[in-house]
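Notes for the structure review
Each chain, written out:
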Amino acid sequence: MTGERLEEIHLFGKSVTMGKLLRKIFLVDLFTGLKVTFRSQNPKYIYTEQYPAERPKVGERYRGAPRLNINPDNGETLCIACNLCALACPESLIVVGSERNEQTKRKELTTFTYDTSRCMFCGLCEDACPVDALELTQDFELATYTREGQIWDRQTLEEGPKPTPYKC
Amino acid sequence: MPESTFLDSTELVLNMGPQHPSTHGVLRVILKLDGEKVLGTDCVIGYLHRGVEKIAENRTWAQFNPYTDRMDYVAAISNGLGYCLAVEKLLNVEIPARAQAVRVVLTELNRLASHLLWLGTHALDIGAITPVFYCLREREEALKIFENYCGARLTTHAFRIGGLQYETYDGFEREVRAFCKMFLPKLDEYEDLLTNNRIWIGRLQNVGVLSADECKEYGVTGPMLRAAGVKWDLRKAQPYSGYEKYDFEIPTRQNGDTYDRYIVRMQEMRQATRIIEQAVESLPEGPIIRGIGLLRGERRRPAALPGPGAPALFRELAGIGPHGERRADSGRGGGDRNTGYCARRG
């Protein structure tokens with residue numbers, strides 16, 4: 001008989017070595033696996049965001065809710081009604097309304113309609129704007145109770161959408 | 001198919017999809033089963049037809065670019081690159097060196113992000129739950145780079161015809177290097193978990209074998225072709241975007257089964273990391289876009305007004321008639337709105 005044969009024991013009709021049996025009894029393989037798991041248990045590896053309580057900090061270049069910028073000095077719109085954003089939009093969801101001011105002989109913005117429900121936030125309108133009037137902001141919470149609420153007019157675009165309490 | 005019910009026979013015909021949770025409504029597979037053993041399959045395709053070609057017919061070249069992101073939403077950057085390269089080839093323009101290098105970095109990062117989603121969900125479908133958490137954790141880091149670079153995580157619209165729209169942000173190179181450094185040990189960790197795992201091998205080896213000839217017959221390319229032993233990679237065969245400058249290998253395997261495809265993709269991730277490291281080390285300075293202007297034959301035309309399909313309120317606010325014509329009383333001004341009850345922060 002060799003030394004190896006001595007270590008072998010018979011258990012439920014199978015012969016196993018002592019080492020293997022001890023590994024099984026003390027669940028060595030389980031703990032080897034759990035070691036990998038517990039390496040990731042450090043709280044600094046938590047990636048889950050507790051969303052409504054904890055809002056993510058989106059990137060600086062994030063393309064979210066559109067905004068029509070106003071000149072902070074005189075409160076007038078920066079938009080020159082050139083219609084380039086409407087031309088650039090792949091979904092043609094921007095409609096710019098303008099009229100000619102007879103005194104200054106300039107085109108002035110009257111209405112601006114932006115349908116966020118069909119918008120894919122590609123940023124082409126923002127890129128097309130020559131005066132940085134139209135901008136996609138970091139605001140990403142665009143849910144509304146109705147489809148119509150997704151269609152923004154000039155006032156909504158300038159002031160940002162105002163939350164309305166839900167009425168049944 | 002034999003006519004039998006599962007009560008008196010061991011053969012069972014089962015529909016998997018198009019609503020099966022793991023096929024996302026993209027494919028219907030009619031399975032012929034004997035217990036757990038699949039005896040035969042019949043695939044019904046066409047559930048993901050979205051008519052992008054038709055959309056493209058009605059858009060300008062630049063306008064169609066964001067739609068390419070939506071063809072494969074985990075590989076938006078790669079799709080965008082393909083489209084931009086095609087248009088640039090048509091125009092016969094060479095884009096600036098810096099734009100090319102940044103494109104390579106982002107595309108390879110996208111390859112990693114896409115492969116990580118594949119690896120995680122693949123292991124999840126096999127029954128190993130751990131890898132998906134680890135893979136998505138690393139994927140998050142890549143997506144953060146995308147978000148900081150171009151403002152979106154999935155449908156990025158990162159490239160434009162002629163180069164790039166966005167210059168890299170401060171710390172781009174540092175973050176990409178940190179990602180590569182972090183990522184290689186993680187890859188070893190995935191391989192520790194899976195590569196020599198008996199269940200993993202048992203469920204992947206000799207499954208779904210596609211030989212090199214079959215691949216060529218069906219026009220299958222990419223990792224599937226390479227797993228069947230064909231050393232074919234477009235980045236080596238017909239280099240684009242400056243891939244000829246980078247030193248990397250084409251991983252291949254012989255058997256063409258699922259296990260070999262797994263190994264090839266894992267090797268590909270290592271090669272992609274190598275490419276990113278090389279590209280980010282030597283980011284050239286210079287312009288990022290080459291102005292192209294209006295394309296030949298493409299005229300500036302008035303913006304299409306929304307037709308009858310547009311929502312009624314949109315037409316009303318925009319002052320557009322039911323057939324898309326502009327009405328004289330051009331829309332309602334600001335003020336009277338608030339039609340939708342807005343749920344925002346309320």
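Residues numbered from 1 in each chain as written. Chains lettered and ligands numbered in written order. Predicted model: local features only at pLDDT ≥ 70, side-chain atom pairs only at ≥ 80, totals over all residues. Heavy atoms only, no water.

**Considerations on the overall build of chain B**
We apply this condition: In this text, helices come from DSSP runs of H or I with a minimum length of four residues, and strands from runs of E with a minimum of two, each type numbered from the N-terminal end. The classification of residues rests on relative accessible area computed with a 1.4 Å probe and restricted to protein chains. Under 20% of the type maximum is buried, over 50% is exposed, and intermediate values are partly exposed. Here, two residues are considered to be in contact whenever any of their heavy atoms come within 4.5 Å of each other. Here the Shrake-Rupley method, with its probe set to 1.4 Å, supplies the accessible areas, and only the displayed protein chains count as covering residues.
From N to C terminus, chain B includes twelve helices and five strands. Across the 346 residues of chain B, 44% fall into the buried class. Intrachain contacts of chain B at a sequence separation of at least 6 include 60% that bridge at least 24 residues. For chain B, the exposed surface amounts to about 18200 Å²; the carbon and sulfur share of it is 52%.

**Some details on the overall build of chain A**
Looking only at helices and strands, chain A has six helices and seven strands in total. Along the chain direction, N to C, the helices and strands of chain A fall in the order α-β-β-α-α-β-α-β-β-α-β-β-α. Across the 168 residues that make up chain A, the buried fraction comes to 34%. Counting only contacts in chain A whose residues sit at least 6 apart along the sequence, the fraction spanning at least 24 positions is 59%. Total accessible area on chain A stands at roughly 11100 Å², and carbon and sulfur atoms take up 54% of it.

**Notes on the pairing of strand E3 (residues 37-44) of chain B**
Residue and element names in this part refer to chain B. For the record, the criterion: Any two strands are treated as partners once DSSP identifies two or more bridges connecting them.
Both strand E2 (residues 28-34) and E3 contribute to a ladder of seven bridges, which runs antiparallel. For Leu33, the partnering residue across the bridge sits in E3 and is Val38. Between E2 and E3, which pair antiparallel and follow one another directly, the connecting turn spans two residues, one of which, Gly35, has a positive phi of 65°.

**Thoughts on the packing of aromatic side chains**
Residue and element names in this part refer to chain B. Basically, it comes down to this: Aromatic contacts are taken between Phe, Tyr and Trp rings whose centres are within 6.5 Å, Trp giving its six-membered ring; a plane angle under 30 degrees counts as stacked, one over 60 as edge-to-face, and the others as tilted.
Tallied over the entire structure, the rule returns 14 aromatic pairs over all chains. Note on Trp118 and Tyr262: the rings are 6.3 Å apart at their centroids and 40° apart in plane angle, and the pair reads as tilted. Remark: Tyr262 occurs in helix H11 (residues 258-281) and Trp118 occurs in helix H4 (residues 97-126); sequence separation between them is 144 residues. Like Tyr262, Trp118 is buried. Between the aromatic rings of Tyr149 and Tyr166, the centroid separation amounts to 6.1 Å while the plane-to-plane angle is 85°, which identifies the pairing as edge-to-face. A residue pair is termed long-range when its members are at least 10 positions apart, and Tyr149 in helix H5 (residues 130-150) and Tyr166 in the loop between strand E5 (163-164) and helix H6 (172-194) qualify at 17 residues. Here Tyr149 and Tyr166 have matching classes, each one buried.

**As for the confidence of the model for chain B**
Detailed reading of the predicted coordinates is not advisable wherever pLDDT falls low. As a reminder of what qualifies: Per-residue confidence from the predictor is given as pLDDT, running between 0 and 100.
On average, chain B scores 82 in pLDDT, and the residues at 70 or more come to 80%. No element of chain B has a lower mean pLDDT than helix H12 (residues 312-318) of chain B, which averages 66, and none a higher one than H11(B), which averages 94.

**Examining the side chain of Arg139(B)**
All names here are of chain B. Note the threshold: Charge assignment: positive for Lys and Arg, negative for Asp and Glu; neither His nor the chain ends contribute. Salt bridge, as applied in this entry: a Lys or Arg side-chain nitrogen positioned within 4 Å of an Asp or Glu carboxyl oxygen.
On the secondary structure map, Arg139 appears in helix H5. No salt bridge forms around the buried Arg139; measuring N to O, its nearest opposite-charge neighbour Glu140 is 6.7 Å away. Not counting residues within four places of it along the chain, the set of residues in contact with Arg139 comprises Val74, Ala113, Leu116, Leu117 and Leu154.

**Some details on the sheet that holds E2(B)**
Residue and element names in this part refer to chain B. Selection criterion: Axis definition: a line fitted to C-alpha atoms, limited for helices to the stretch in contact. Angles are taken between N-to-C directions and run from 0 to 180 degrees.
Reading across the sheet, the three strands line up as E1-E2-E3 and stay open at both edges, with antiparallel pairing between neighbours. A single partner strand is all that each edge strand has here, and the edge strands are strand E1 (11-16) and E3. Strand-to-strand twist in this sheet, taken as the mean axis angle between neighbours without regard to direction, amounts to 20°. The pairing of E1 with E2 spans six bridges and is antiparallel. Paired with Asn15 across the two strands is Ile30, which belongs to E2.

**What to know about the sheet that holds strand E5 (residues 106-115) of chain A**
All names here are of chain A. Spatially, three strands are ordered E4-E5-E7 in an open sheet, and the strand pairing comes out antiparallel. The sheet terminates laterally at strand E4 (94-101) and strand E7 (151-152), the two strands that pair on one side only. With two bridges joining them, E5 and E7 adopt antiparallel strand pairing. Considered in E7, the bridge of Asp115 is made with Ile151.

**Observations concerning unusual backbone geometry**
All names here are of chain A. Residues other than glycine seldom take positive phi values, yet Ser92 does so here, at roughly 35°. In this structure, Ser92 sits in the loop between helix H4 (84-88) and E4. Of note in the backbone geometry, Asp132 takes a positive phi value of approximately 55° without being a glycine. Under the relative-accessibility criterion, Asp132 is labelled exposed at 53%.

**A closer look at helix H2 (residues 61-69) of chain B**
The buried count for H2(B) comes to seven of nine residues, which makes it a mostly enclosed element. Within H2(B), the full set of buried residues consists of Gln63(B), Phe64(B), Asn65(B), Pro66(B), Tyr67(B), Thr68(B) and Asp69(B). Those residues of H2(B) that are buried are in contact with H4 and helix H5 (124-128) of chain A together with helix H1 (52-57), helix H3 (76-91) and strand E4 (159-160) of chain B.

**Some details on the pattern of salt bridges**
Residue and element names in this part refer to chain B. Counted by the stated rule, this structure contains 26 salt bridges over all chains. Here Arg235 makes a salt bridge to Asp233, at a shortest N to O gap of 2.9 Å. The burial state of Arg235 is the same as that of Asp233; both residues are buried. Overlapping salt bridges, with partners in common, bring together Glu108, Arg111, Arg226, Asp233, Arg235 and Glu268 in one network.

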